[in-house]
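# Structural description and commentary
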Amino acid sequence: MYYIGVDLGTSAVKLLLMDETGEIKRIVSREYPLTFPKPGWSEQSPEDWFTQTMAGLKELTAEVAGSEVAGIGVGGQMHGLVALDDRDQVIRPAILWNDGRTVEEVAYLNETIGRDKISQYTGNIAFAGFTAPKILWMKKQEPENFDRIHKIMLPKDYLVYRLSGAFSTDYSDASGMLLLDVEHKVWSEDMLALCDIKEEQLPKLFDSFEKVGTIRPEIAKELGFSDSVILAAGAGDNAAAAVGTGTVGPGRCNISLGTSGTIFLTSDEFRVDENNALHAFDHADGRYHLMGCMLSAASCNKWWMEDILGVSDYPAEQQAIRKLGENSVFFLPYLMGERSPWNDPHARGAFIGMSMDTTRADMTQAVLEGVAFGVKDMYEAAKSTGVTMERSMICGGGAKSPLWRRIVANVLDLSIDVPACEEGPGLGGAMLAMVACGAYASVEEAAEAIVRVETTEEPEPELVERYQERYSVFRELYPRLKGGFLHEHDKHS
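Residues numbered from 1 in each chain as written. Predicted model: local features only at pLDDT ≥ 70, side-chain atom pairs only at ≥ 80, totals over all residues. Heavy atoms only, no water.

### Things to note about the overall build of the protein
The helix and strand inventory of the protein stands at 17 helices and 24 strands. For 493 residues, the compact-globule formula gives about 23 Å, and the C-alpha radius of gyration of the protein, at 22 Å, lands near that figure. Counting only C-alpha atoms and orienting by the principal axes, one finds that the protein spans roughly 65 × 50 × 45 Å. Here the protein holds 493 residues, and 60% of them are scored as buried. In the protein, of all internal contacts separated by at least 6 residues, the share reaching a separation of at least 24 is 72%. Element-wise, carbon and sulfur atoms account for 46% of the exposed surface of the protein, whose accessible area totals about 19100 Å². (Helix = DSSP H or I, 4+ residues; strand = E, 2+ residues; numbered from the N terminus. Rg over C-alpha atoms; globule rule 2.2 N^0.38 Å. Buried < 20%, exposed > 50% of the residue type's maximum accessible area, 1.4 Å probe, protein only. Contact = heavy atoms within 4.5 Å. Areas by Shrake-Rupley, 256 points an atom, 1.4 Å probe, with all protein chains shown as cover.)

### Section: the packing of aromatic side chains
Following the criterion strictly, the structure yields 17 aromatic pairs and no others. Between Y161 and F167, the aromatic rings sit 6.2 Å apart at their centres with planes inclined by 65 degrees, giving edge-to-face as the arrangement. Here Y161 matches F167 in class, with each residue buried. Measuring from ring centre to ring centre gives 6.4 Å for Y471 and F474, while their planes differ by 25 degrees; the resulting arrangement is stacked. Taken together, the positions of Y471 and F474, both in helix α16 (residues 461–481) and three residues apart, correspond to about one turn of that helix. By relative accessible area, F474 is classed as buried at 2%. Each member of the aromatic cluster is reached from another via a ring pair, and the members are W303, W304, F331 and F351. In this structure, R162 is placed above the aromatic ring of F50, and the distance from its NZ or CZ to the ring centre is 3.8 Å. It is R216 that lies over the ring of Y161; its NZ or CZ is 5.7 Å from the centre. (Phe/Tyr/Trp six-rings, centres within 6.5 Å; stacked < 30°, edge-to-face > 60°. Lys NZ or Arg CZ within 6 Å of the ring centre and 35° of its normal.)

### Topic: the environment of R475
Looking at where R475 falls in the secondary structure, it is placed in helix α16. Since its relative accessible area comes to 32%, R475 is described here as partly exposed. Expressed as a C-alpha distance, the spacing of R475 and Y158, which sit 317 residues apart in the sequence, is 39 Å.

### Looking at the side chain of D273
For D273, the location among the structural elements is in the loop between β17 (261–267) and β18 (279–282). No salt bridge is formed by the buried D273; the nearest opposite charge belongs to R115, separated by 8.9 Å. Of the polar contacts made by the side chain of D273, one reaches the backbone nitrogen of A277; its length is 2.9 Å. For D273, the contacting residues outside a window of four places in its chain are L278, A381, S384 and T385. (Lys, Arg positive; Asp, Glu negative; His and termini not counted. Salt bridge = Lys/Arg side-chain N within 4 Å of Asp/Glu carboxyl O. Polar contact = N/O pair within 3.5 Å; in protein donor to acceptor, adjacent residues only side chain to side chain.)

### A look at the nonpolar core
By size, the foremost hydrophobic cluster in this structure holds 67 residues, and its most contacted members are L179, W187, M191, I197 and M431. Of all elements in the fold, only β2 (12–19), α2 (103–122), α3 (131–141), α6 (171–174), α7 (189–195), α9 (237–244), α14 (424–436) and α15 (443–450) reach the threshold of two or more residues within this core. Among the elements that line this core, the one with the most residues is α14, at seven residues. Setting aside chain neighbours within four positions, we find M191 in contact with L109, I118, Y121, T122, A132, L178 and L179. If you look at the next biggest cluster of nonpolar residues, it comprises 58 residues, including F330, L332, Y379 and L463. (Core = buried A, V, L, I, M, F, W, Y, C linked by side-chain atoms within 4.5 Å.)

### Some details on the packing of helix α13 (residues 402–412) against α16
Each pair of packed helices can be summarised by the angle the axes make with each other and by the distance between the axes. At a minimum axis separation of 7 Å, α13 and α16 run at an interaxial angle of 75 degrees. The pairing of α13 with α16 is recorded here as roughly perpendicular in orientation. Contacts from R406, I407, N410 and V411 in α13 reach L463, V464 and Y467 in α16. Broken down by class, the residue content of the contact of α13 with α16 amounts to five nonpolar, one polar and one charged. (Axes fitted to C-alpha atoms, helices over the stretch in contact; angles between N-to-C directions. Parallel < 35°, antiparallel > 145°, perpendicular 65-115°, else oblique. Nonpolar A, V, L, I, M, F, W, Y, C, P; charged D, E, K, R; others polar.)

### Brief notes about a negative patch on the surface
Together, E189, D190, E199 and E200 give the surface a local cluster of negative charge. Accessibility expressed as a relative area gives 40% for D190, which makes it partly exposed. (Patch = residues over 30% accessible without salt bridge, like charges linked within 9 Å, V, L, I, M, F, W, Y side chains within 5 Å. Charge placed at Lys NZ, Arg CZ, Asp CG, Glu CD.)

### Thoughts on unusual backbone geometry
With an omega of 0 degrees, the peptide bond running from S340 to P341 counts as cis. Mapped onto the secondary structure, P341 falls in the loop between β20 (330–332) and β21 (350–352). A positive phi is found at H79, a non-glycine position, where the angle reads about 75 degrees. In this structure, H79 sits in the loop between β5 (69–76) and β6 (82–84). On the basis of relative accessible area, H79 is assigned to the buried category, the value being 3%. For K185, which is not glycine, the phi torsion reads 60 degrees and is therefore positive.

### Side note on α16
End to end, α16 covers 31 Å across 21 residues, agreeing with the expected 30 Å (1.5 Å per residue, within 8%). For α16, the set of buried residues is L463, V464, Y467, Y471, F474, L477 and Y478. Along the long axis of α16, the arc covered by the buried residues comes to 115 degrees, so they all point the same way. Opposite the buried face of α16, by more than 90 degrees, sit the exposed residues E462, E465 and R480. (Expected span 1.5 Å × (residues − 1). Arc of directions from axis to C-beta.)

Shape is all these values report; function is a separate question.
The structure is reproduced here in structure tokens:
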């Protein structure tokens, strides 16, 4: 039998076909547009997700018998607000995770209602990208649209809904809505009241590995599948990536260098760091995790390489980097504002420390190091809860760079394991489908059977020490520059 993992990303949907032994048979990708209607805004059309996923499913399974497809699991971009009316029509474009329009709503929740109360209700504080502030924004700015809301869902849940008819979500993805009591795994009545929504407008909650339904007969017919294909609840992209890298069970760590950058630490216990710099979420294995998210990671390098330098050969550009830990140039990776640990949508990127002898390679190196320092910011917050790690898995587009992996290993002073298969969320989705179909008894059992480490980057003591010195400088830059980041309304005043 075959299992399909879907990674519903920000720029593309990636689909993976895996057999029952865990061997990946085929991978396809389909892109869709991302729009920025105003500075700091970020939107997409949910119809594009569905259209490109359907096209991808047809391409993915073109050479196998559709009757052999057993299950589908979806990992997807988190926090996005998808609102449907009573005819199941999308009311407005989805407001995405990296959208920064909700400054006033975040201030209302964190300052007027109070961080302590919001954290008590959910285990987290409000961040600009979370779903609840978006609902409040829609209520205030688009009241007619708000009044039409019949169903509220997350991006990957919209896909599951279109494929199966199941109005569902999983605990890991729901954790990022700021509507869930994460510790007790129920919708928070207090948060629903604050947002003026009812529980029936929200999806039913499942563990990521649970079956939520089977494929719609008309979809099955179009794809050539059996109508018994099972849909797993799926997971938020970071939880799905963690499954795909074997970061399940207590005491594990995964770092993702994708469009955003994350650090993901698993736990048997529900933990909250003192300043709520990290997200305290449910995990796709049925347990808990701490997660830090920086809004721009590999996207910083993409911006620097393609938009500024106008080149696409990333390895060639990195070949000129010779002396790690000795760069006098720093880069703040806040191109879209920042979430962990600063929670500041007004933060912006900056190069600092340039002189007449600064080279192109120095600046490229600063971008890679700046992202690594941002990951270390999140790791330090996690360590404050008592978490200790000696190693971490790594995934995402940025993890394909040996140089970047080496920088991360030495900045964090961790052994960095590279999985043999780097298809994090897609692989995780397929593994969740396998559990939902009964091929494995648990997510841990699936990970034990399928995930393999290909190579490891070990920290180098002298370089660790040099990077610790550089990090102590980096750590001071944002607090000193914070007052210089202009709010959007200040630019026009």
